[in-house]
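Each chain, written out:
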Amino acid sequence: MWTCRNCDARYGFDQVAPEVDDHGFFFLCPACDYKNKLVSLGRDANGNLQLVQRDDE
Ligand SMILES: [Zn+2]
(Lines give C-alpha, C1' and ligand atoms only; values in the text may rest on other atoms or scores of the structure.)
Protein backbone atom coordinates (compact mmCIF):
# COMPACT_ATOMS: atom_id res chain seq x y z
CA MET A 1 0.00 0.00 0.00
CA TRP A 2 1.00 3.56 -0.63
CA THR A 3 -0.17 6.37 1.60
CA CYS A 4 -0.69 9.96 0.56
CA ARG A 5 1.41 12.15 2.85
CA ASN A 6 -1.00 15.02 2.44
CA CYS A 7 -4.46 13.50 3.00
CA ASP A 8 -3.61 10.01 4.39
CA ALA A 9 -5.53 8.21 1.66
CA ARG A 10 -4.27 4.69 1.01
CA TYR A 11 -3.93 3.02 -2.36
CA GLY A 12 -2.97 -0.42 -3.56
CA PHE A 13 -0.02 -0.62 -5.93
CA ASP A 14 -2.38 -1.32 -8.83
CA GLN A 15 -4.59 1.70 -8.09
CA VAL A 16 -2.16 4.48 -8.88
CA ALA A 17 0.34 4.73 -11.70
CA PRO A 18 3.86 5.73 -10.71
CA GLU A 19 5.43 8.48 -12.79
CA VAL A 20 8.93 9.83 -13.15
CA ASP A 21 10.39 13.26 -13.76
CA ASP A 22 13.76 14.97 -13.34
CA HIS A 23 13.47 14.66 -9.57
CA GLY A 24 12.69 10.94 -9.50
CA PHE A 25 9.68 8.69 -9.12
CA PHE A 26 6.39 9.74 -7.63
CA PHE A 27 2.67 9.10 -7.71
CA LEU A 28 -0.06 11.70 -7.74
CA CYS A 29 -2.75 11.19 -5.14
CA PRO A 30 -6.10 10.72 -6.95
CA ALA A 31 -7.89 12.45 -4.09
CA CYS A 32 -5.82 15.60 -3.57
CA ASP A 33 -3.21 15.66 -6.39
CA TYR A 34 -0.37 15.69 -3.89
CA LYS A 35 2.91 14.52 -5.39
CA ASN A 36 4.14 11.63 -3.23
CA LYS A 37 7.78 10.73 -3.60
CA LEU A 38 8.82 7.16 -4.40
CA VAL A 39 12.24 5.55 -4.29
CA SER A 40 13.43 3.06 -6.86
CA LEU A 41 15.17 -0.08 -5.64
CA GLY A 42 16.02 -1.19 -9.15
CA ARG A 43 14.45 -4.12 -10.93
CA ASP A 44 13.56 -7.52 -9.60
CA ALA A 45 14.37 -10.85 -11.23
CA ASN A 46 11.39 -10.44 -13.55
CA GLY A 47 12.48 -7.00 -14.71
CA ASN A 48 9.75 -5.21 -12.81
CA LEU A 49 10.68 -1.87 -11.32
CA GLN A 50 10.66 -1.95 -7.53
CA LEU A 51 9.31 1.29 -6.07
CA VAL A 52 8.90 1.96 -2.38
CA GLN A 53 7.67 4.84 -0.30
CA ARG A 54 9.88 5.89 2.54
CA ASP A 55 8.23 6.24 5.91
CA ASP A 56 9.25 9.86 6.26
CA GLU A 57 8.54 11.24 2.79
ZN1 LIG B 1 -3.90 12.86 -1.06
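Since the structure is predicted, the reported quantities are computational estimates derived from the model, not experimental observations.

Undergrad: Can you help me understand the overall build of the protein chain in this one?
TA: Each helix and strand in the protein chain was counted, giving zero helices and six strands. Reading the helices (α) and strands (β) of the protein chain from amino to carboxyl end gives β-β-β-β-β-β. For 57 residues, the compact-globule formula gives about 10 Å, and the C-alpha radius of gyration of the protein chain, at 11 Å, lands near that figure. The C-alpha extent of the protein chain, read off along each of the three principal axes, is 35 × 25 × 20 Å. The burial tally for the protein chain puts 9% of its 57 residues in the buried class. A fraction of 27% describes how many contacts in the protein chain between residues 6 or more apart in sequence connect residues 24 or more apart.

Undergrad: Would you explain the pairing of strand S4 (residues 24-28) in this entry?
TA: Summarising the sheet, strand S3 (residues 19-21) and S4 pair through three bridges and their orientation is antiparallel. Bridged to Val20 within S4 is Phe25. Here S3 folds back onto S4 in antiparallel fashion, the turn holding two residues. Both S4 and strand S5 (residues 35-43) contribute to a ladder of four bridges, which runs antiparallel. Residue pairing across strands places Leu28 opposite Lys35, the latter belonging to S5. Hairpin geometry of S4 and S5 is characterised by an intervening segment of six residues between the two adjacent antiparallel strands and by a positive phi of about 65° at Asp33.

Undergrad: What is the right way to read unusual backbone geometry from this model?
TA: Most peptide bonds adopt trans geometry, and most residues besides glycine take a negative phi value. Despite not being glycine, Asp8 shows a phi value in the positive range, around 70°. Overall, the presence of 10 C-beta atoms within 10 Å leaves Asp8 in the exposed class. The phi dihedral of Asp33 falls on the positive side, at around 65°, and the residue is not glycine. Secondary-structure assignment places Asp33 in the loop between S4 and S5. Among the residues examined, Asp33 registers 10 C-beta atoms within 10 Å and is labelled exposed.

What counts and what doesn't
- Residues numbered from 1 in each chain as written.
- Predicted model: local features only at pLDDT ≥ 70, side-chain atom pairs only at ≥ 80, totals over all residues.
- Helix = DSSP H or I, 4+ residues; strand = E, 2+ residues; numbered from the N terminus.
- Rg over C-alpha atoms; globule rule 2.2 N^0.38 Å.
- Buried ≥ 20, exposed ≤ 12 C-beta atoms within 10 Å, placed from the backbone.
- Contact = placed C-beta atoms within 7 Å.
- Pairing = 2+ DSSP bridges.

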